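Residue strings, one per chain:
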Amino acid sequence: MALLTADLPLIDGHCHAITVAPLDDAAFELWCTEANEPPAPGTSYLDSRVGLALRRWCAPVLDLPAHAPVEEYLRRRRRLGPDEVATRLLRAANLSALLVDTGPVAGGLVDRHVLGTLAEAPTHAVVRLELLAEQVALGTDAARFAAAFAVALDEAVPGAVATKSIAAYRHGLDLDPARPEPHEVSAAAARWLRDGGRLTDPVLLRHLLWSAVDAGLPIQLHTGFGDRDAALARADPALLQPFCEATLPYGVPLVLLHCYPYHRQAGWLAQVYPHVHADLGLTVPHLGARATAVLGEFLELAPFGKLLYSSDAYGLPELYLIAAAQLRHSLGLVLAEAVDDGAASAADARRIAEQIGAGNAARVYRLG
Amino acid sequence: MALLTADLPLIDGHCHAITVAPLDDAAFELWCTEANEPPAPGTSYLDSRVGLALRRWCAPVLDLPAHAPVEEYLRRRRRLGPDEVATRLLRAANLSALLVDTGPVAGGLVDRHVLGTLAEAPTHAVVRLELLAEQVALGTDAARFAAAFAVALDEAVPGAVATKSIAAYRHGLDLDPARPEPHEVSAAAARWLRDGGRLTDPVLLRHLLWSAVDAGLPIQLHTGFGDRDAALARADPALLQPFCEATLPYGVPLVLLHCYPYHRQAGWLAQVYPHVHADLGLTVPHLGARATAVLGEFLELAPFGKLLYSSDAYGLPELYLIAAAQLRHSLGLVLAEAVDDGAASAADARRIAEQIGAGNAARVYRLG
Amino acid sequence: MALLTADLPLIDGHCHAITVAPLDDAAFELWCTEANEPPAPGTSYLDSRVGLALRRWCAPVLDLPAHAPVEEYLRRRRRLGPDEVATRLLRAANLSALLVDTGPVAGGLVDRHVLGTLAEAPTHAVVRLELLAEQVALGTDAARFAAAFAVALDEAVPGAVATKSIAAYRHGLDLDPARPEPHEVSAAAARWLRDGGRLTDPVLLRHLLWSAVDAGLPIQLHTGFGDRDAALARADPALLQPFCEATLPYGVPLVLLHCYPYHRQAGWLAQVYPHVHADLGLTVPHLGARATAVLGEFLELAPFGKLLYSSDAYGLPELYLIAAAQLRHSLGLVLAEAVDDGAASAADARRIAEQIGAGNAARVYRLG
């Protein structure tokens, strides 16, 4: 089976910009983790599954033996320089297309087009709803917020293949599923514009989600783990069930990102709601070789046409490659186990792998 | 170990009526899933673990090679006709007894006795509490509801081996564990009889549960996944802990059905509450070959005397066979792994399999 | 890999006193489970993963073949006598050090020093916060409670390496994370001292936790499963996230005990909060051979420097040995799988094992 998936076509259905700035060792280490504080004394974020996966999948691309020590890897990385490293790693990921979250492009991050050139693959934009609303808020008032946001979203949609919500970070997924009334939206906008800060108001978050439903593009929703900004217990995708129910008649695809450690709940939602899908991003790279076990769990209740590959890579080109290489390896193992057990034919296994790797994304995001 | 469990005696501790009506392909596909909407464009509910299991376990019984395409299977199925298909599949399941939920027997479904004849096995009735209450409600008023329900339950109990609650569907398992007072019951009944509709009032659901405790038969409780009618997050069996605590002095067995993806929580309840048991139904057939992994998880905290086989098959005779064949296969693998690891002797493994397959059910339901 | 971990140095980071009183069979069985009621008719708590592990790991130490029947094991145990049994089993556990919870030492339990002599290993004290408060309460009034508790904790700290909270048992982990005000503490103390009973008041439980933060020793917190005294759903360590957030600036290590079945949530906390760690105690012995699967899950998001071995053994010397032998065996299997898969080098595997077995505990608890 390793042969069956070694060259599996992959569409990276959710990823972010990378940095091509020189990084010191501490900064590199922080990009490899969901933490944002220095590691505990005596520990390293790279002494972890993601660190092992880095040394396994990336070291050979930089001409080092697999499992070379982290220090040696970082030395080699500096010698080659960020552009060479990014080029090598992204091409080794061998991606057919990238869907890039248009989130904040801070210092040293390259934009989607540079990323596409480095990866030698077409890219598509994913519109981040909360960011768009925050940009709109700078130039409007409460009474005009909803209209201005609608205009901005209308303008963004033709150039994009999906929208994305991080309501899980800003409030939690335990949202009232109902579409808010216009007067509720303007009252909430008035409070927000008066008080400032990030968009965390649940009425406004719901308004963004329902605007995205109207826009008609597939909606990617952060669920499950991420950085410590989100309350994990409130990011359980099962909490989204009322929203899944409310949006069922509209048919707009919902793509649950990450999901772990609630991926079995996500798999159930993906079975019983035709418009709900589950995405493997973040989980695959951060779990490294344990992605094999967790992929097995993703492939339980979810129909195979509902699972989508992505990396959720951010910042480091390494994360693109780790995710892609690990997915090809782990999915190969999961499906080989099914074939060996007599549970599936080799032809079925290959077909399932192709769907998860790229076929489902091409269909759901209408990549043509 | 495959040999050890290939002919494992199985009591199907929770199942439903089947349909012997001719089914078109779309209807067949919907019977194979917990969804009740047509599949998303470009996907099929049979491109899934249950679909793979269908092609593996059922195709050979209809004279096709394992893994024959679904279309071929459906063609063959139509050619043989529903009666021949049901007879072959149910006999291939090779069941020692069936406990049949006396839930709604809608169009085309055959009753328990026909099912038993087809399966060549004795059947026993499981009284569905909410359905019984809804039937009672048609002929009574609020003041007499409790008494009328008590009479109906008294009449049903001698012909049954268990009662069953779907409070998880109607309200959620986050119920007040206390037995409601008579005046609360009659007030709730008055509201229900006035407003009509399904029984969803938590006071009445609790009254039914406590009536079942008084009746003394084991109580089967839906927990975990099912169709989208239930809020998954409110079907976590851990939410039943207060009810387990309240009913401990009565000793009436509680059998937690399905449990997935909260089966580890159910396993803990089955360890610390002597009267609590966990049932594998719905989980085994819907997970197909992944039942092996999940059975391993069921066999963690729960004492082996507390785990019970069932299929929760409904509608299709295929689901009876998938569940039975998969359980025999997967339990064999789980126990073979334990033997190979040195964790259990082969004699222990066989004894554990026999308990889970039939021994525990015979004891808990007093099948004699 | 078995060879790699067969002699792995282990620090038992959380354990309890043992009994050396003669035990009848029923009492022995109850010590092997988290249940506190007689088993259901026809079942045994030893017909379980812990029972299989007992027969595998302990029987040979008492000169019986592995997998000898429980009855034979108990007979042999009685013949040898409690002191000989305890000596043999504890020495076979081959521990480098023991961190002993100074909880209630009831009838027949031996204290920490006897335990250390039997195990031929140094011991260290873990101060149980709620017990200390209950002892303080006997000799003070509400106005002086906080000061008296502070004095008692100050006195206990120099002789201890950690404090421990069972707030999960007494209230649940859904605690307000804020440090309570002095007047709130004295009002809560007044209510408690007036009403008596165990310390369950959330204000006082929070006061104890914040006092422990001030004391500066690592804080062990019960999370996940245990006996039925705790509400499982309220022991999810994800509920502790606000407390993790609030205590981050203080740097005092938090060690989440047990965690199962929420160990993946604990692993995420251990990744994103530098001061948070996850401990394997209770889970490893009670899951027996399934510890292999669950260890794999612990080794997902948590950096390897954040996972700590313990047994949480209590009462029976058998539990010390089951935990130690199973950890050495299962961790060996998990890491061998990583090596076989190409995910880690053998040197990495050994280093990770040594960290989890003893290195991390030595660093976190400053055992020198």
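Residues numbered from 1 in each chain as written. Chains lettered and ligands numbered in written order. Predicted model: local features only at pLDDT ≥ 70, side-chain atom pairs only at ≥ 80, totals over all residues. Heavy atoms only, no water.

Where an unreviewed UniProt entry is consulted, chain A appears under the name Amidohydrolase family protein, with the organism given as Catellatospora aurea.

*Asks:* An account of the sheet that holds strand 5 (residues 219-223) of chain C is requested, with residue identities and associated values reported.
*Replies:* All names here are of chain C. In spatial order, the strands read 1-2-3-4-5-6-7-8; together these 8 strands make up an open sheet with parallel pairing. Across the chains shown, the open sheet's two edge strands, defined by having one partner strand only, are strand 1 (10-15) and strand 8 (307-308). Relative to strand 3 (residues 123-128), strand 2 (residues 95-101) runs parallel, the two being bridged by 4 bridges. Each residue of the ladder has a partner; that of L99, found in strand 3, is H124. (Pairing = 2+ DSSP bridges. Helix = DSSP H or I, 4+ residues; strand = E, 2+ residues; numbered from the N terminus.)

*Asks:* Go over unusual backbone geometry with me, naming the residues and quoting the values.
*Replies:* Residue B:P261 is reached from B:Y260 by a cis peptide bond, and omega for that bond is 0 degrees. With respect to the helices, strands and loops of the structure, B:P261 is situated in the loop between strand 6 (254-258) and helix 13 (263-272). Positioned with a positive phi, A:L282 is a non-glycine residue whose angle comes to about 75 degrees. Structurally, A:L282 can be placed in the loop between strand 7 (276-279) and helix 14 (283-287). Classification of A:L282 as buried rests on a relative accessible area of 4%. Phi angles above zero are rare outside glycine, and B:N94 is one such case at about 55 degrees. Its location among the elements puts B:N94 in the loop between helix 5 (82-93) and strand 2 (95-101). (Buried < 20%, exposed > 50% of the residue type's maximum accessible area, 1.4 Å probe, protein only.)

*Asks:* Any details on the packing of aromatic side chains? Residues and values, ideally.
*Replies:* One pass over the full model with this rule turns up 21 aromatic pairs over all chains. Ring geometry for B:W210 and B:F243: centres 5.7 Å apart, planes at 75 degrees, overall edge-to-face. Taken together, the residues B:W210 in helix 11 (residues 202-215) and B:F243 in helix 12 (residues 241-247) connect sequence positions 33 residues apart. Each member of the pair B:W210 and B:F243 is classed as buried. Here C:W210 and C:Y250 contribute two aromatic rings whose centre-to-centre distance is 5.5 Å and whose plane-to-plane angle is 75 degrees, an arrangement assigned as edge-to-face. (Phe/Tyr/Trp six-rings, centres within 6.5 Å; stacked < 30°, edge-to-face > 60°.)

*Asks:* Describe the interface of chain B and chain A, naming the residues involved and giving the relevant values.
*Replies:* The interface of chain B with chain A comprises 39 residues on the first partner and 33 residues on the second. If you sort the residues of chain B by the area they bury against chain A, B:D47, B:R49 and B:R228 come out on top, with a joint share of 23%. The interface formed by chain B and chain A includes 6 salt bridges. The partner of B:D47 in a salt bridge is A:R351, and the shortest N-O contact between them spans 3.1 Å. Connecting chain B to chain A are 21 residue pairs in polar contact (both at pLDDT 80 or more). Only helix 3 (49-58), helix 14 (283-287), helix 15 (291-298) and helix 16 (317-340) of chain B provide two or more residues apiece to the side of chain B that touches chain A. By residue number, the principal contributor to the side of chain B that touches chain A is helix 3 of chain B, which donates 4 residues. Here the residues of the side of chain B that touches chain A sort into 19 nonpolar, 10 polar and 10 charged. (Contact = heavy atoms within 4.5 Å. Buried area = accessible area lost by both parts, 1.4 Å probe. Salt bridge = Lys/Arg side-chain N within 4 Å of Asp/Glu carboxyl O. Polar contact = N/O pair within 3.5 Å; in protein donor to acceptor, adjacent residues only side chain to side chain. Nonpolar A, V, L, I, M, F, W, Y, C, P; charged D, E, K, R; others polar.)

*Asks:* Explain the pattern of salt bridges residue by residue, including any values.
*Replies:* On inspection of all chains with the given rule, the structure shows 81 salt bridges over all chains. Two residues, B:R88 and B:D63, come together in a salt bridge whose shortest N-O distance is 2.8 Å. Of the two residues, B:R88 sits in helix 5 while B:D63 sits in the loop between helix 3 and helix 4 (70-80), which places them 25 residues apart along the sequence. Note that B:R264 is salt-bridged to C:E297, the shortest N-O span being 2.8 Å. Pair noted here: B:R264 is in helix 13 and C:E297 is in helix 15 (residues 291-298), and the two residues belong to different chains.

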